[in-house]
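# Structural overview
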Amino acid sequence: MKEIVIQPLTREAFAPFGDVIETENANNFPINGGNATRYHDLAKIDTTGEKARPMISLVRGVPYPLPLKLTMVERHPLGSQAFIPLSDNPFLIVVSRETDEGPSEPIAFKTTPGQGVNIARNVWHGILTPLEDVSDFAVVDRGGEGVNLEEHFFKEPFLIV
């Protein structure tokens, strides 16, 4: 089984796959009479298709132990999908580039406290993978008509370490 080494999540490294949602170096300005700061326009929510609309959900996920055997990735051809953690627990993001044969070898990122991601429309990615504790997430993705899920099962699994 081929090993995939987890790397830190940075805006630059994740840019081909979507947006890193974090306050560090983000466009911001004071609101509410100076009593709050708005970190503005952190991710591009993308929806397309019949009756498409953005929707907000809450998801609670149980932690996965490492190393992790990765057998499948999925993508959403009709909309982006944002995961915004509601705790400081890290989570794993696995993404793959598109090739003529399907998804490429996966790339794995680990978040630090305060980081979320917005996975761009049609990008292959792993499932939501909390790492240390039960974790809650706000999820912003696409609602509407049409099939917005494709899955790809790898011929040989990868080991995320």
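Use the structure listed above.
So, here is what we can say about the structure in this document. All of these numbers come straight from a predicted model, not from anything done at the bench.

About the cut-offs
Residues numbered from 1 in each chain as written. Predicted model: local features only at pLDDT ≥ 70, side-chain atom pairs only at ≥ 80, totals over all residues. Heavy atoms only, no water. Helix = DSSP H or I, 4+ residues; strand = E, 2+ residues; numbered from the N terminus. Buried < 20%, exposed > 50% of the residue type's maximum accessible area, 1.4 Å probe, protein only. 1 Å grid on protein atoms, 1.4 Å probe; cavity = no way out; pocket = protein on both sides within 12 Å on 5 of 7 lines; lining within 4 Å. Points joined across faces, edges and corners; volume = space filled by probe spheres on them. Pairing = 2+ DSSP bridges. Axes fitted to C-alpha atoms, helices over the stretch in contact; angles between N-to-C directions.

## Remarks on unusual backbone geometry
For the peptide bond that leads from Leu 66 to Pro 67, omega is 0°, which places it in the cis range. In this structure, Pro 67 sits in the loop between strand 6 (53–61) and strand 7 (68–75). Of note, Asn 32 is a non-glycine position whose phi angle comes to about 55°, a positive value. You can see Asn 32 is positioned in the loop between strand 4 (28–31) and strand 5 (36–39). When its relative accessible area of 56% is taken as the criterion, Asn 32 is described as exposed. The residue Asp 41 is not glycine, and still its phi comes out positive at about 55°. Within the secondary structure, Asp 41 sits in the loop between strand 5 and strand 6.

## As for empty space enclosed by the protein
What the rule picks out here adds up to 1 cavity of 30 Å³ or more. Put simply, the largest cavity is a space of about 60 Å³. Lining the largest cavity, in full, are Phe 83, Phe 91, Leu 92, Ile 93, Val 94, Ile 119, His 125, Gly 126, Ile 127, Leu 128 and Thr 129. No other element matches strand 9 (residues 91–96), which puts 4 residues into the lining of the largest cavity.

## Observations concerning the sheet that holds strand 8 (residues 81–85)
Sheet architecture is open: 5 strands sit in the order 3-13-8-16-6, paired in antiparallel fashion. At either end of the open sheet lies a strand with only one pairing partner, and these are strand 3 (18–21) and strand 6. Pairwise comparison of adjacent strand axes, ignoring direction, gives a mean angle of 15° for this sheet. Both strand 6 and strand 16 (residues 135–143) contribute to a ladder of 9 bridges, which runs antiparallel. The residue of strand 16 that forms the bridge with Arg 53 is Gly 143.

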